Amino acid sequence: MILEAGGSEPEEARIVADHLVLANLSGHDSHGVGMLPAYERSLGNETLKPNRTVELVRDDGAIMMFDGGMGYGQVVGRQATDAAIERCRGTGIVLAPVRNCHHLGRIGTYGEQAADAGFASLHFVNVVGHQALVAPYRGTDARYSTNPICLSLPGSDRQPPVLLDMATSRIAHGKARVAHNRGEQAPEGSLIDHRGRTTRDPSVLFQQPAGALTSFGDHKGYGLAVFCELLGGMMSGGHTSQPEHEVEGTIVNNMFMVVFDPERLVERSAMEHELEALIAHVKASPAADPEEPVLAPGDPERAMRVERAEAIPVDAESWRQIVAAGARLGVDPARLEALTALVPGVVAAL
Ligand code: NAD
């Protein structure tokens, strides 16, 4: 409803809605339906362009360079990944940067797309177009954003795909937003206030002068975030977060993506054996807390999809913001308020 009211054709609305709902189902409420008000703001200032098709701006064998034209990232990112997968069937590896996407959403979606096709993938993403959110290691103010990384390998009959998909900040900005909306504290060490002092109060991000998120893993996460700028922002031909570029009150993602066919490197049977044995080996480590066994990257999202199979929770403040955003686009609040129990099929109609 909201997406179509924002000008999207039904197929685009379905792809974006499915992506957002899958993020909620995977436990990443920060990248789920709660993003709709931000998308409505970008539609309002015309930085988000509905119904765009990704453009192939450089086509050079195993190098495919794309421009998303500020279309919905969930759509243009998907199209770029599909095209890279198709090319990879012939070339065995494809380097496919894609620039100028409005918010790509949950980057793991693209890793899953590659894994579903039997391919491995690497994604380094930067985020520009709005004020910086994350302070560099040893710094006291924000200089770049939550710059996510995703690494993905296909699984076997016994081992599901291994998928690491994470922000390089200690917590994603959307998680601070959700904590703020719920009146909860952020995890220890994940935030600093505008004077650079550590705090757990997420409201420091939503006031002026603003505080900042911190990088995960001190200098290591910070170093990876810098490479998201250099690979995702610079090598895609997009922008990095350095101040010569305009900050437009929107969300721009630039993604450096590599897709490769693991069977060009190792026999599938040998790879599957090694993958299963390695994951079993690490998961067999006795848990420090018996309630919290060792997991593989990707396990928490799979478990959450089972737990949330019937419904996704949306807190009252996020829901209020979604209804208000819908109303600004002409959607009758009563139609949205009728959706009190959110089940996947219903949310997909948003
Ligand atoms: P997170 O901190 O929940 O970490 C997620 C990753 O860690 C997943 O791969 C998960 O499987 C793995 N993981 C979690 N607990 C684990 C455990 N106990 N053992 C093994 N592996 C475990 O995620 P995040 O950093 O908050 O990021 C959330 C989402 O936000 C991601 O989907 C990311 O792509 C997205 N994001 C997007 C943007 C953007 O600009 N589009 C920016 C930042 C983040």
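Bear in mind that the values here come from a model prediction, so they are computed numbers and not experimental data. (Residues numbered from 1 in each chain as written. Predicted model: local features only at pLDDT ≥ 70, side-chain atom pairs only at ≥ 80, totals over all residues. Heavy atoms only, no water.)

J.: Let's hear about the overall build of the protein: which residues, and what values?
T.: When you go through the protein residue by residue, the secondary structure sums to twelve helices and twelve strands. Computed over its C-alpha atoms, the radius of gyration of the protein comes to 20 Å, within 12% of the 20 Å expected for a compact globule of 350 residues. Over its C-alpha atoms, taken along the principal directions, the protein stretches across nearly 55 × 45 × 45 Å. Going through the 350 residues of the protein one by one, you find that 50% of them count as buried. Summarising the internal contacts of the protein: among those between residues at least 6 apart in sequence, 68% fall at separations of at least 24. (Helix = DSSP H or I, 4+ residues; strand = E, 2+ residues; numbered from the N terminus. Rg over C-alpha atoms; globule rule 2.2 N^0.38 Å. Buried < 20%, exposed > 50% of the residue type's maximum accessible area, 1.4 Å probe, protein only. Contact = heavy atoms within 4.5 Å.)

J.: So, the sheet that holds strand 11 (residues 212-214): which residues are in play, and what are the values?
T.: Pairing within the open sheet is mixed, and its four strands lie in the order 6-11-9-10. If you trace the sheet from one side to the other, it starts and ends with strand 6 (134-135) and strand 10 (198-199), each paired once. Inspection of the sheet shows strand 9 (residues 191-192) paired to strand 10 by two bridges, in the antiparallel sense. Bridging across to strand 10, I192 finds its partner in T198. (Pairing = 2+ DSSP bridges.)

J.: Lay out the pairing of strand 5 (residues 120-128) with the relevant residues and their values.
T.: In terms of burial, strand 5 is largely enclosed, as eight of its nine residues are buried. Two strands pair when backbone bridges link them, and strand 5 and strand 12 (residues 252-260) are joined in this way by nine bridges, in the antiparallel orientation. Along strand 12, the bridge assignment pairs L122 with V258. Here four bridges tie strand 5 to strand 7 (residues 149-153), and the two strands are oriented antiparallel to one another. Bridge pairing links S121 to S152 in strand 7.

By themselves, these are just geometric observations and shouldn't be taken as functional.
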